[in-house]
Amino acid sequence: MFFFSNIAKAHQQVDWNSSDHRPPVAPKGMAATLPLTLVTVLWLSSAAGMPDPSQRDLLMRQEASRQTGGAVTLTAAERRLDDELRRLKEREMAADPFPPAVHFFKARSLIRESPVFKLLQDMPKGGALHIHSSSLVSAEWLVKNVTYRPHCYICFTWDSSVRFVFSQQQPYPRWDCFYWQLLSTLRAKVGDTDAFDASLMQYLTLVTDDPDGEYPDQDAVWDKFEKAFIASAGLVSHAPVLRDYLLQGLHELYRDNVMYLELRSGLSRTYELDGTIHDKIWWLNTFQDVTRKFMADHPDFLDARLIVTVHRAWSASEVKAAVQEAVALRRNFPDVVAGFDLVGREDSGRPLWYFRDALALPAKLGLNLPYFFHAGETDKEGTEADQNILDALLFNTSRIGHGYALAHHPLAREISRLRKVAVEVCPISNQVLKLVSDLRNHPATVLMSEGHPMVISSDDPSMFGTSGLSYDFYQAFVGIGGLNANVGTLKELALNSLRYSSLPETLKDTGQAIWQRKWDAFISAHS
């Protein structure tokens, strides 16, 4: 009420019929309640006659300053690159088809040829804060490397999927697999190994030449999505493979100029060829060992950490036990375990509020377990999935995964901005999973125009036929940001991935210093 009463006073105190074209000064006491920009807008909208061009220029500058990167001061070299990027982007936006406006599977080859994309590949991107462990590494590596290893068996299931397992002898039939075949024997019988390998990749990704025909709705694409995760599990959870898989994942990120990773993982139990089963402690030790080795070989790679996940289809009691376990894991691995999240399709899974007793447990016991909730990955307004946005904030989430629905929640948007709760925007994932078809219509356009805290990530790159972050940065920069997005936007998004990471402040400072050196070299090479 105080805010609106001051607006009324502003109308009374300002001479709206004045011929003075200078923007009015806010009345005394208004600075904290009514932004000068708003006073200017009110004045401009009531001024008689032709608006002063200088006032129009002021209004444009003030609006631009609010967008992501709008407050970033560019160097002369950065401005030169910005001018070139704008020219390149204008050409791409005039092209038909415009890549962000069509399905990624159809646009991928166009993006690869894009001068903007090639430049973004060279850009230091900071960290990848939203990637799932089951889709960290390309499907091509899984098929061409892992499935060629000895003792790898395959089974074709009744629901048009596959299962893999490593075993010293032919596995016994089970409910979803009646007949296991040694993959090396089957591959020899087939003859055309390239075609056979290509067919295997189709089970491990969503990539198709006809995405609209194969996935007519969200249910269809999610069904294939979940089958692909199950198909890869038998490969990735084999202990010798996991170590190589994690290392390969770090290499793929590093090649795309990513210097930090926060990986979401359920820490699935891993198995040896003789049937030995390893627990979550083994998983964490392996992850830590692989990360340290990679950092030793690549001193400019900052670190990698884990967000422990459970599926939202679990019961309340199971999630409560998982929260307690996550607290213990974080206590034992403070430099590895960043926090906790619930994963799985929000529209069909249980909402956050269903697990309120479990999620409130750490705070109730005085324990520290940061949350990084998937929330609002839905286009169904008013549903429980839609309300996850509000509940995530109630449970003090550190970041919001996807947050596709956030633009429809003005109060949640304001709270998250004030608390500096960044949204993990994953453009390609949202398009492939059929939340949006034309990325120019993505709700993140609103967030970006407001300068809302956000980071860009890739969610499940192997499922979408990508690696690293360059494809998602392209879609965010060219499609979501449009011509308003500039070098300042790229700079802020990259730095945000370190600012809003789970790293302690000292490592954030170290990471930003490393990133700045890489950024300066990038600008020098391209300006």
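## Quick look at the side chain of Ser502
And then number 1: With respect to the helices and strands, the residue Ser502 is situated in the loop between helix H21 (487-499) and helix H22 (505-526).
And then number 2: Here Ser502 falls in the buried class, since its relative accessible area comes to 18%.
And then number 3: Contacts of Ser502, omitting those with residues within four sequence positions, involve Tyr260, Glu262, Arg305, Ala338, Phe372 and Arg399.

## Overview of the packing of aromatic side chains
And then number 1: By the definition in use, this model includes 18 aromatic pairs.
And then number 2: Pairing Phe340 with Tyr371 gives two aromatic rings, centres 6.2 Å apart and planes at 65 degrees, and the pair type is edge-to-face. With Phe340 in strand S9 (residues 337-343) and Tyr371 in the loop between helix H15 (356-364) and strand S10 (374-375), this pair connects stretches of sequence that are 31 residues apart. Assigned by exposure class, Phe340 and Tyr371 land together as buried.
And then number 3: Judged by centre distance (5.5 Å) and plane angle (45 degrees), the rings of Trp519 and Phe522 are tilted. Taken together, the residues span about one helical turn, with Trp519 and Phe522 both in helix H22 at a distance of three residues.

## Some points on the nonpolar core
And then number 1: Counting residues in hydrophobic clusters, the biggest one holds 137 residues, and the most contacted among them are Phe164, Leu206, Tyr245, Leu246, Phe340 and Leu359.
And then number 2: Discounting residues that sit within four places of it in the chain, Tyr245 has contacts with Ser133, Ser134, Ser135, Leu136, Val137, Trp141, Leu142 and Val236.

## A few points about the sheet that holds S10
And then number 1: Spatially, S10-S11-S12-S13 is the arrangement adopted by the four strands of the open sheet, whose pairing is parallel. In this open sheet, the two strands that pair with only one neighbour each are S10 and strand S13 (454-456).
And then number 2: Looking at chain direction, strand S12 (residues 422-425) and S13 are connected through three bridges and run parallel. Note that in S13 the partner of Glu424 across the bridge is Val455.

## Points about the layout of surface pockets
And then number 1: In this structure, the largest pocket spans a volume of roughly 880 Å³.
And then number 2: Lining the largest pocket we find 34 residues, and of these Ser134, Gly266, Ser268, His311 and Val343 sit closest to its centre.
And then number 3: Listed by contribution, the elements that provide at least two residues to the lining of the largest pocket are helix H11 (218-236), strand S5 (258-265), helix H13 (280-297) and strand S8 (303-311).
And then number 4: For the lining of the largest pocket, the element with the most residues is H11, which contributes eight residues.

## Quick notes on the side chain of Ser114
And then number 1: Turning to its location among the elements, Ser114 is positioned in the loop between helix H5 (104-112) and helix H6 (115-122).
And then number 2: On the basis of relative accessible area, Ser114 is assigned to the buried category, the value being 4%.
And then number 3: The residues touching Ser114, leaving out its near neighbours within four places in the chain, are Glu92 and Tyr474.

## A closer look at the sheet that holds S9
Sheet strands pair via backbone hydrogen bonds, and the direction of the pair is either parallel or antiparallel.
And then number 1: The strand order across the open sheet formed by four strands is S1-S5-S8-S9, and the pairing between neighbours is parallel. The sheet terminates laterally at strand S1 (126-132) and S9, the two strands that pair on one side only. Direction aside, the axes of adjacent strands within the sheet are offset by 25 degrees on average.
And then number 2: Alignment of S8 against S9, held across six bridges, turns out to be parallel.

## Focus: a nonpolar patch on the surface
And then number 1: Taken together, the side chains of Trp158, Trp175, Phe178 and Tyr179 make up a nonpolar region of the molecular surface, amounting to roughly 630 Å² of accessible area.
And then number 2: For Phe178, the location among the structural elements is in the loop between strand S3 (162-166) and strand S4 (181-182).
And then number 3: Relative accessible area serves as the criterion here: at 60%, Phe178 is assigned to the exposed category.

## Things to note about helix H20 (residues 470-480)
And then number 1: The buried count for H20 comes to 11 of 11 residues, which makes it a mostly enclosed element.
And then number 2: For H20, the full list of buried residues reads Ser470, Tyr471, Asp472, Phe473, Tyr474, Gln475, Ala476, Phe477, Val478, Gly479 and Ile480.
And then number 3: Positioned one or two residues after H20, Gly482 has a phi angle of 60 degrees, which is positive.

## Topic: the confidence of the model for the chain
And then number 1: Taken over all residues, the pLDDT of the chain has a mean of 92, while the share at 70 or more is 91%.
And then number 2: Throughout residues 1-34 the model reports pLDDT below 50, and contacts reaching past four residues in sequence, or to other chains, amount to 35 contacts.

## Describing the pattern of salt bridges
And then number 1: Per the stated rule, a full pass over the model turns up 28 salt bridges.
And then number 2: Where Arg61 meets Asp57, a salt bridge forms, and the shortest distance between an N and an O atom there is 2.1 Å. Pair noted here: Arg61 and Asp57 are both in helix H3 (residues 53-66), with a separation of four residues, about one helical turn.
And then number 3: Looking at Asp57, the relative accessible area reads 39%, which means it is partly exposed.

## As for H5
And then number 1: All buried positions along H5 are accounted for by Phe104, Phe105, Ala107, Arg108 and Ile111. Projected onto a plane normal to the axis of H5, the buried residues spread over an arc of 145 degrees and lie on a single side.
And then number 2: Packing partners of the buried residues in H5 comprise H6, helix H10 (211-214), helix H18 (427-432) and H20.

## Section: the pairing of S3
And then number 1: In terms of residue burial, S3 counts as a mostly covered element, since five of its five residues are buried.
And then number 2: Of the two faces of S3, the one holding Val162, Phe164 and Phe166 and the one holding Arg163 and Val165 are both buried throughout.
And then number 3: Hairpin connection, strand S2 (residues 152-156) to S3: the antiparallel pair is bridged by five residues, and Ser160 has positive phi, about 65 degrees.

## A short note on the pairing of strand S11 (residues 399-402)
And then number 1: Relative to S11, S10 runs parallel, the two sharing two bridges. What sits directly across from Ala375, in S11, is His402.
And then number 2: Taken together, S10, helix H16 (residues 384-394) and S11 constitute a β-α-β crossover, and its handedness is right-handed.
And then number 3: Both S11 and S12 contribute to a ladder of three bridges, which runs parallel. Across the sheet, Gly401 pairs through a bridge with Glu424, a residue of S12.

About the thresholds
- Residues numbered from 1 in each chain as written.
- Predicted model: local features only at pLDDT ≥ 70, side-chain atom pairs only at ≥ 80, totals over all residues.
- Heavy atoms only, no water.
- Helix = DSSP H or I, 4+ residues; strand = E, 2+ residues; numbered from the N terminus.
- Buried < 20%, exposed > 50% of the residue type's maximum accessible area, 1.4 Å probe, protein only.
- Contact = heavy atoms within 4.5 Å.
- Phe/Tyr/Trp six-rings, centres within 6.5 Å; stacked < 30°, edge-to-face > 60°.
- Core = buried A, V, L, I, M, F, W, Y, C linked by side-chain atoms within 4.5 Å.
- Pairing = 2+ DSSP bridges.
- 1 Å grid on protein atoms, 1.4 Å probe; cavity = no way out; pocket = protein on both sides within 12 Å on 5 of 7 lines; lining within 4 Å.
- Points joined across faces, edges and corners; volume = space filled by probe spheres on them.
- Axes fitted to C-alpha atoms, helices over the stretch in contact; angles between N-to-C directions.
- Patch = residues over 30% accessible without salt bridge, like charges linked within 9 Å, V, L, I, M, F, W, Y side chains within 5 Å.
- Areas by Shrake-Rupley, 256 points an atom, 1.4 Å probe, with all protein chains shown as cover.
- Salt bridge = Lys/Arg side-chain N within 4 Å of Asp/Glu carboxyl O.
- pLDDT = per-residue confidence, 0-100.
- Arc of directions from axis to C-beta.
- Right-handed = clockwise from strand over helix to strand, strands pointing away.

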